[in-house]
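# Notes for the structure review
The lines below spell out each chain.
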Amino acid sequence: MYNKYKQSTDGEMPPAWDAFFEGFKIGESEVVGRITQELKLNELIEEFRANGHKCANTRLFDEGGERCSLYEKLEAFENSAKYIAPIFAGFGSLTVEELKQYLKNNFTENVGIEFSHISDHDTRQWLEEKLNPSNFPQITPDKQKKWLNLLLKATQLEEFLQTHYPGKKRFSLEGAESFICALHELSELAVDSTIKEIELAMAHRGRVNVLANFLNWPMENVMAAFEEGKNEKHAQELGDVKYHLGFTNKINVNGKELTVSLAFNPSHLEFVYPVILGKVRAKIMNQFRNKAESILPVIVHGDAAFIGQGIVTETLNFSQLKPYSVGGSVHFIINNELGFTADSSETRSSIYCTNFAKALEAPIFHVNGNDVETLCRITKLAFEFRQKFNRDIFIEICCYRKHGHNEMDEPRYTNPKMYNKIQKLKPVSAIYKDKLLRAKIINTDESEQLEQTYNSFLEEKQKATRSSADKNSYILGDVAFQGRWTKYKPPSFEKMIELVETPITAKLLNQIVDAVHKNIPQEIHILPKLARALERRLEKYQQSTNIVWALGELISFGSLLAEGYSVRLVGQDSIRGTFSQRHIVYLDQVTGARYIPLDKFENNSNFEVYNSPLSENSTLAFEFGYSLSSPNCLTIWEAQFGDFINGAQVIVDQFIISSEQKWKRASGLVLLLPHGQEGQGPDHSSARIERFLQLAGQLNIQIAQPTTSAQYFHLLRRQMHQEFRKPLIIFTPKSMLRSELNASPADHFVSGGFLNVISSESSKNEKVGIVCTGKIYWELYAEAKALELLPNILWVRLEQLYPLDINKLKNIVEVNDHILDWQWVQEEGQNSGGWFFVKLSTMSLKWNLKYVGRPVSAVPAEGNAALHELNQHKIIEQALRKAR
Ligand SMILES: Cc1ncc(C[n+]2csc(CCOP(=O)(O)OP(=O)(O)O)c2C)c(N)n1
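Residues numbered from 1 in each chain as written. Predicted model: local features only at pLDDT ≥ 70, side-chain atom pairs only at ≥ 80, totals over all residues. Heavy atoms only, no water.

### Concerning the domain arrangement of the protein
Entries for the protein in the domain assignment read domain 1 (17-135), domain 2 (141-229 + 239-470), domain 3 (493-749) and domain 4 (759-881). One C-alpha centre belongs to domain 2, the other to domain 4; they are set 54 Å apart. (Domains from an automatic or database assignment.)

In structure tokens, the structure reads:
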């Protein structure tokens, strides 16, 4: 109709149509045309932001297809037009040509960017500005030559090892060599900033190359790792495979010194990630005066492991939580499109393996690993982002894996099409060399020279290592127990069971008791119920000087702080205590303000107490990492109930138990595991003492189950006063937290130390010796007392199960040779608890120890409280029978 109206002559159409079509005429004007264009462009930009990354040229194995209809839509716009970008804050007006350049550079070339999920406007705007091609950093020829040299070295090292050590696993970096340049880029940025240290966590792939070509691990070590010495002298130093080894070094970057560390890690992929964050956090707290800008965590993941391992998602969740804050990490995901033999269609449901990272509102970049210049540009941006926003940022390096999963695998069994392509690919070093040759940045002589020099260096180092008498000693030798660890050398058995005196003065004890009960500021309105409980506790203390469990714990914390040791306690409900026993923070009932009475005992020390997220795995790993960097801090991880520790079994097995043996890395981490049968069902009863005992060996850990508040107090204090650091597993009580039975008098706090074994005084008339650990002692004792059987029993409490003080036990047995009946009494099933361990460890003693306890069972405890009582009573009755 409008067309007909336009073609009509004057007067042909009724005048009313003029008014009707007025709007149509405006709509056709030039201004409106431009606005319409801009709106369309804006729409397209939004679409680029949301989906443009899918157009990027990053997937080496894409089958093609409709890659980028978005870019075609953009091409349709006329280049010369000016474009005012209302939603492109900071850009002002651009020509369409400039806009195309921006979008092309960031979405359709060798990088795909995702940040439209970030809700903060300033963050998005900062990114937009950095991504504007006119703000890209200049790349100098010197820089290009440096990158080429690094790439050549990375490739050459792998080729050298492949030639000289065929069939030896090394998880070559080939296919992802540009990652080495990204690391060097980070180090250059670091030395020009406030960063003093880079902490790296990475899995197997490319580690040897990173050790050699980034951390400057002496090349003798690399060669020795492949030569694999067989020196008898080192037969019991079990160590670890070469691609798990870590190293710390001070490297020279453009004349400036930078400390770089690569964490030791086990095969268990990704579990090192929270460990490293813990390590970094400890350094921030204890070394860098709370300044996260001083240290940079760099976390390197594999694509399949990143999305597959739940520990990653758990740990990502730490990002903005105060107890775990490290000021953000730079993440690299080395995506070679395969996890072992499985391709991405088998390993993930999402288009990218990085999708979980979106939950952090973190920018995500997908970069073509063959484009070293773009990778380094994005690495620079990532560094600046982390330093500015103190948040995480992710770079997925889209690359390939030259060999199979390792160098012995035949990848064509499983991924024939992909490997047909890979076989034809040129190494990135060759691609870059060609580029620089074409651009005349280098000439052939120069590039050959670079290659020859490095090759001669490798040959020379190999020769030197081969002629060395002791190839084993290269590997870890002199790098362990350095720096702040110098004074904590591994102890002997005697040292580990030696009594360490850890009393405090009566004055300090009273100051702490007063601080937690009395001097609470008026303005803190604590819950009346809590106030009454505190009053009662104080009254009892004043009447009897007896100190209940939780108070004993507070006194140990306060006293350590006063002595200059830091204390960090983290667990799911640690502030209040799972059993409402601790109350380490008083909360104002109106304002929610926190008051921590023990803070005032800080003396160049930090007191940190936090509730953790609902996780065992990552939270325990974090605290383990924390302990690695803070021998001067009593670092405690607490399970809500002890049995939940099995949710973190990898951290127990692969790190806590074995790190000193494998990597010469000691830890003084304390685990508090509530343990004991109280009729609460199979799942809240056992912290699985037997498992820890099975894992104990070569003096790797300490396992204790103290029976009094003073013993607990001394045990915690001993952990800091020992001349070494070893993990300490403490089985803690649940039902006895307010008991008068295990409450110790103040005298026991102002003298002595933790006793590994406590035996009762002998009258030489006892009929039976009862040996036990933990709270069953108090149940047996109470019943024996009621039945007036106490004079007939010699009690032996094993307060520390490992290392077991066998000398002390031997002495007890010898001195008490009037006792013919020795019984081990436990509440656990026969296949659990301490029985097997104690039986085996004491075979040399002449005491024919008999078992009294629950029978072998598939579950730790009864599901029914009444049945629990029945069975518990049977054990006690049986144990006391011989004493009648
Ligand atoms: C927790 C765990 N499960 C299984 C393995 C065995 N494994 C070693 S590497 C690997 C594949 C890892 O794939 P990806 O994360 O993509 O890294 P890539 O090897 O490709 O570099 C597997 C399954 C392991 N090391 N850790």
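Anyway, onward from the coordinates.
### Structural notes on the pattern of salt bridges
Here the structure, examined in full by the defined rule, presents 47 salt bridges. Note that Lys283 and Glu197 form a salt bridge whose closest N and O atoms lie 2.5 Å from each other. Of the two residues, Lys283 is situated in helix α11 (residues 272-286) and Glu197 in strand β4 (residues 197-201); the sequence distance between them amounts to 86 residues. Across the pair Arg568 and Glu623 runs a salt bridge whose closest N-O atoms are separated by 2.7 Å. (Salt bridge = Lys/Arg side-chain N within 4 Å of Asp/Glu carboxyl O. Helix = DSSP H or I, 4+ residues; strand = E, 2+ residues; numbered from the N terminus.)

### Regarding the site of the ligand
In the region of the ligand, 15 residues are neighbours, and Arg205, Ser267, Asp303, Ala305 and Leu338 sit closest. A distance of 2.8 Å separates an oxygen atom of the ligand from a polar atom in the side chain of Arg205. The protein chains hide 76% of the 580 Å² of surface that the ligand would expose on its own. Every element with two or more residues in the shell around the ligand is listed here: α12 (303-308) and β9 (338-339). Broken down by element, the shell around the ligand gets its largest block of residues, 3 residues, from α12. Partitioned by chemical class, the residues of the shell around the ligand number 5 nonpolar, 8 polar and 2 charged. (Near = heavy atom within 4 Å. Polar contact = N/O pair within 3.5 Å; in protein donor to acceptor, adjacent residues only side chain to side chain. Areas by Shrake-Rupley, 256 points an atom, 1.4 Å probe, with all protein chains shown as cover. Nonpolar A, V, L, I, M, F, W, Y, C, P; charged D, E, K, R; others polar.)

### Brief notes about the sheet that holds strand β20 (residues 702-704)
Ordered by their spatial adjacency, 7 strands build an open sheet running β17-β14-β18-β19-β21-β20-β26, and the pairing between neighbours is mixed. Each of the sheet's edge strands pairs with one partner strand only, and the pair in question is β17 (607-611) and β26 (800-802). The average angle at which neighbouring strand axes cross in this sheet is 20°, direction not considered. The pairing of strand β18 (residues 633-638) with strand β19 (residues 670-674) spans 3 bridges and is parallel. Across the sheet, residue Ile636 finds its bridge partner in β19, namely Val670. (Pairing = 2+ DSSP bridges. Axes fitted to C-alpha atoms, helices over the stretch in contact; angles between N-to-C directions.)

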